[in-house]
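Here are the chains, one letter per residue:
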Amino acid sequence: MGYLDNQLHGTIVERTADVNSLRQTWESVRAEAMPHGATLAVISEAAKRWS
């Protein structure tokens, strides 16, 4: 089961093929993400430059 949310409403996804597609997309995004600490450091540095 998966859940999609947008500005208008949320949708529960139950079809196996759709859940697998969501999982694959999530994992590909997650694989590109920086670790939590590195993300905070980049955001902090950007905030300093904009202040």
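Counting from 1, residues in each chain are numbered in the order their sequence is written. Local features in this predicted model are restricted to residues whose pLDDT is 70 or higher, and side-chain atom pairs enter the listing and the counts only when it is 80 or higher, whereas totals over whole chains, interfaces and linings include all residues. The basis for the side-chain values is all heavy atoms of the structure; hydrogens and waters are excluded.

Caption draft 1: Quick look at the environment of V19. Under the scheme used here, helices are H or I runs from DSSP no shorter than 4 residues and strands are E runs no shorter than 2 residues, and both carry numbers assigned from the N terminus. Along the polypeptide, V19 turns up in helix α1 (residues 16-32). Taking the C-alpha atoms as reference points, V19 and Y3, separated by 16 residues in sequence, lie 9.0 Å from one another. Not counting the four nearest positions on each side in its chain, V19 is found in contact with M1, G2, V13 and E14. Contacts: residue pairs with any heavy atoms within 4.5 Å of one another.

Caption draft 2: Spotlight on the environment of E45. You can see E45 is positioned in helix α2 (residues 36-50). Measuring from C-alpha to C-alpha, the distance between E45 and L8 comes to 34 Å, with 37 residues separating the pair along the chain.

Keep in mind that these numbers describe shape and distance, not what the molecule does.
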